[in-house]
Amino acid sequence: MSKEEIREIVGKLAENASLSLCEYKKLIEERTHDSAALLRVLAVKKRKEIYGNRVFIRGLVEISNICRNDCLYCGIRKSNKNCSRYRLSKDEILACCKEGHSLGFRTFVLQGGENAVFTDDFLCSLIEKIKVNYGDSAVTLSLGERSRESYERLFSAGADRYLLRHETADSGHYAKLHPEKMSFENRMRCLYDLKEIGFAVGCGFMVGSPFQTAETLAKDLKFIEEFKPHMCGIGPFIPQSDTPFGNEKSGEVDLTCYLLSIIRLIQPNVLLPATTALASVDKYGCERGIMSGANVVMPNLTPVNVRKKYALYDNKAVEDSESAQGLDVLKNKMSAIGYEVVTDRGDMAVL
Ligand code: SAM
């Protein structure tokens with residue numbers, strides 16, 4: 001494919017036009033230093049038009065690593081007997097929010113494995129309490145697949161946002177990453193239910209997951225174009241040694257940044273994090289993510305004594321700017337590249 005053809009596809013993206021699956025695939029297959037640089041410039045320009053130089057922060061509370069699922073890539077999968085399990089109590093979670101609020105966080109992300117103890121009653125009373133204590137803050141949930149009725153109750157209790165990565169938009173690929181019990185159809189059902197109910201919804205995927213191809217990535221991008229998520233979490237796949245994919249290689253930082261730029265252009269107002277996984281594989285991963293079009297960072301508010309137990313992958317970054325307590329480090333890092341960390345709920349801008 002000629003440089004001209006790639007420029008034409010990038011031009012369409014910059015004008016927010018729809019691309020075909022084939023065009024997305026070409027964009028991935030024909031990635032060059034030049035196309036990456038061009039996309040990065042366009043993505044940063046677009047993000048600056050909408051969000052200026054503001055970086056939103058989310059306080060991440062990893063509420064439990066107990067999970068009934070057995071996703072083949074994930075270190076907290078049910079079959080991992082080497083995972084030392086924990087679950088935070090309601091009071092412990094509230095204490096995390098208290099600390100986070102005083103540090104300047106105005107969004108709390110409650111993330112965890114799928115765990116029968118997190119009943120609707122438990123979660124609704126927790127959400128209500130957070131909302132009473134911190135009415136100026138958003139509550140984001142990332143607790144996996146639940147029934148529509150459950151999502152409805154959580155939304156009525158005051159939860160604002162829900163993160164549920166689609167993981168891959170190719171059903172065959174999905175089946176290779178998950179046990180038979182889990183289905184692509186149910187993942188999609190959850191995402192569409194969440195959106196219909198009124199949540200701000202986040203989808204996303206791992207870059208470089210086993211069996212991923214340019215074609216499956218093109219489907220991911222097309223899905224994002226059509227689903228129009230409020231948030232999109234992408235980060236490199238990183239092997240966890242106790243999982244079936246423990247010997248696979250990590251996803252590439254360059255490709256992750258390239259995809260961040262493309263996603264910014266597909267949906268200019270999307271809330272796009274520079275993820276912990278990106279910071280875990282590259283010392284400058286957070287900065288590189290922001291400089292590719294991301295506008296969100298999610299420092300960890302989980303109690304320090306269990307933070308390492310939430311080990312989705314090996315060598316997770318848990319210190320400095322990845323830690324809520326290291327917020328000053330993050331602020332300095334961001335200011336060094338011309339960005340400002342703000343105290344704000346950080347809702348998606350309405351265009
Ligand atoms: N159980 C909830 C769910 O399924 O959405 C939330 C927790 S789940 C562990 C959060 C995300 O971690 C997953 O959506 C997946 O993309 C990511 N993840 C899991 N294992 C990973 C790995 N080895 N490398 C990178 N990301 C991983």
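Scroll up to find the structure this text is about.
Being a predicted model, the structure only gives us computed values, none of them experimental.

Peer 1: Whenever I open this one, the overall build of the protein confuses me. Can you help?
Peer 2: A count of helical and extended segments in the protein gives 14 helices and nine strands. For the protein, the C-alpha radius of gyration of 19 Å lies close to 20 Å, the compact-globule estimate for 351 residues. Across its three principal directions, the C-alpha atoms of the protein cover 60 × 45 × 35 Å. Out of the 351 residues belonging to the protein, those deemed buried represent 59%. Contacts in the protein between residues far apart in sequence, at least 24 positions, make up 76% of those at least 6 positions apart. Carbon and sulfur atoms make up 50% of the accessible area of the protein, which amounts to about 14300 Å² in all. A distance of 3 Å separates the average location of the 48 positive side-chain charges in the protein from that of its 47 negative side-chain charges.

Peer 1: It is not clear to me how the packing of helix α9 (residues 214-227) against helix α10 (residues 253-266) should be interpreted in this structure. Could you clarify?
Peer 2: When two helices pack together, their arrangement is captured by the angle between the axes and the distance separating the axes. Look at α9 against α10: their axes get within 10 Å of each other, and the N-to-C directions meet at 30°. Relative to α10, the element α9 is oriented roughly parallel. Read as a crossing pair, α9 and α10 show a hand that is right-handed. Across from L217, L221, I224 and E225 in α9, the residues of α10 making contact are L255, L259, I262, I263 and I266. Of the residues assigned to the contact of α9 with α10, the class counts are eight nonpolar, no polar and one charged.

Peer 1: Help me understand empty space enclosed by the protein, please; the structure alone is not making it clear to me.
Peer 2: Empty space left among the atoms is revealed by rolling a probe the size of a water molecule over them. As enumerated under the stated definition, the model contains one cavity of 30 Å³ or more in all. Looking at the largest cavity, it is lined by 47 residues, and the ones nearest its centre are Q111, S142, R165, Y310 and L312. At four residues, strand β7 (residues 231-236) tops the list of elements feeding residues into the lining of the largest cavity. In terms of residue class, the lining of the largest cavity is made up of 25 nonpolar, 13 polar and nine charged.

Peer 1: Please clarify how unusual backbone geometry should be interpreted in this entry.
Peer 2: Trans is the prevailing form of peptide bonds, just as negative phi is the prevailing case for residues other than glycine. Not every positive phi belongs to a glycine, and E167 is a case in point at roughly 75°. With respect to the helices and strands, the residue E167 is situated in the loop between β5 (161-163) and α7 (171-177). On the accessibility criterion, E167 (8% relative accessible area) is buried. Even without glycine at this site, K228 takes up a positive phi of about 55°.

Peer 1: Explain the environment of P244 to me, please; I cannot follow it from the model alone.
Peer 2: By the element assignment, P244 lies in the loop between β7 and α10. Not counting chain neighbours up to four residues away, the residues in contact with P244 comprise L72 and R77.

Basis of the calculations
Residues numbered from 1 in each chain as written. Predicted model: local features only at pLDDT ≥ 70, side-chain atom pairs only at ≥ 80, totals over all residues. Heavy atoms only, no water. Helix = DSSP H or I, 4+ residues; strand = E, 2+ residues; numbered from the N terminus. Rg over C-alpha atoms; globule rule 2.2 N^0.38 Å. Buried < 20%, exposed > 50% of the residue type's maximum accessible area, 1.4 Å probe, protein only. Contact = heavy atoms within 4.5 Å. Areas by Shrake-Rupley, 256 points an atom, 1.4 Å probe, with all protein chains shown as cover. Lys, Arg positive; Asp, Glu negative; His and termini not counted. Charge placed at Lys NZ, Arg CZ, Asp CG, Glu CD. Axes fitted to C-alpha atoms, helices over the stretch in contact; angles between N-to-C directions. Parallel < 35°, antiparallel > 145°, perpendicular 65-115°, else oblique. Left-handed = near helix turned anticlockwise from the far one by under 90°. Nonpolar A, V, L, I, M, F, W, Y, C, P; charged D, E, K, R; others polar. 1 Å grid on protein atoms, 1.4 Å probe; cavity = no way out; pocket = protein on both sides within 12 Å on 5 of 7 lines; lining within 4 Å. Points joined across faces, edges and corners; volume = space filled by probe spheres on them.

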